[in-house]
Amino acid sequence: MLPMRLALALLFALATGGCGAGPIGTLALSWRFADGRSCLDAGAATVQALVGGSAIGEFACSTGEPPLSAMVMNATAGATLEVVALSPARVELYRGTLETDAKFTPATVTLYATGAR
């Protein structure tokens with residue numbers, strides 16, 4: 001009976017987490033606007049980092065303008081990170097995506113206008 005329970009537990013673990021997310025770490029993230037604007041010129045007040053639609057970080061926009069970078073805690077290796085620049089009224093202005101790597105190599109994402117003025 002024990003081997004059957006062990007087999008079922010292993011099967012459950014593989015089904016629910018075997019192909020799951022990679023390691024968690026901290027990512028030094030910078031962003032730039034595809035149209036060459038600065039945060040101030042773009043009207044962006046904050047930038048959100050999201051994974052699967054859930055925010056894992058929110059920063060003052062100027063925090064991530066190169067050569068500076070924002071520290072995104074709880075980033076998942078191998079995940080698609082969505083980065084969204086928001087107006088002071090929390091309207092989306094720019095968006096970009098970035099695939100995180102296993103080493104959490106510092107990265108810069110390019111943000112493209114979605115609702116910029």
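Residues numbered from 1 in each chain as written. Predicted model: local features only at pLDDT ≥ 70, side-chain atom pairs only at ≥ 80, totals over all residues. Heavy atoms only, no water.

**Q** I'd like to hear about the overall build of the protein, residue by residue, with values.
**A** Each helix and strand counted, the protein has two helices and seven strands in total. Along the protein, helices (α) and strands (β) appear in the sequence α-β-α-β-β-β-β-β-β when read from the amino end. Taking all 117 residues of the protein together, 36% fall into the buried category. Contacts spanning at least 24 positions in sequence make up 59% of the contacts within the protein whose residues lie at least 6 apart. In the form shown here, the protein has an accessible surface area of approximately 6,800 Å², with 63% of it arising from carbon and sulfur atoms. (Helix = DSSP H or I, 4+ residues; strand = E, 2+ residues; numbered from the N terminus. Buried < 20%, exposed > 50% of the residue type's maximum accessible area, 1.4 Å probe, protein only. Contact = heavy atoms within 4.5 Å. Areas by Shrake-Rupley, 256 points an atom, 1.4 Å probe, with all protein chains shown as cover.)

**Q** Tell me about unusual backbone geometry, and please be specific about residues and values.
**A** The step from Pro66 to Pro67 runs through a cis peptide bond, and the omega angle for that step is 10 degrees. Residue position: Pro67 is located in the loop between strand S3 (54–60) and strand S4 (70–76). In this structure, Asn74 takes a positive phi of about 60 degrees despite not being glycine. With respect to the helices and strands, Asn74 occurs in strand S4. A residue is classified by how much of its surface remains accessible, and Asn74, at 52% relative accessible area, is exposed. In this structure, Arg90 takes a positive phi of about 70 degrees despite not being glycine. Looking at where Arg90 falls in the secondary structure, it is placed in the loop between strand S5 (80–86) and strand S6 (92–99).

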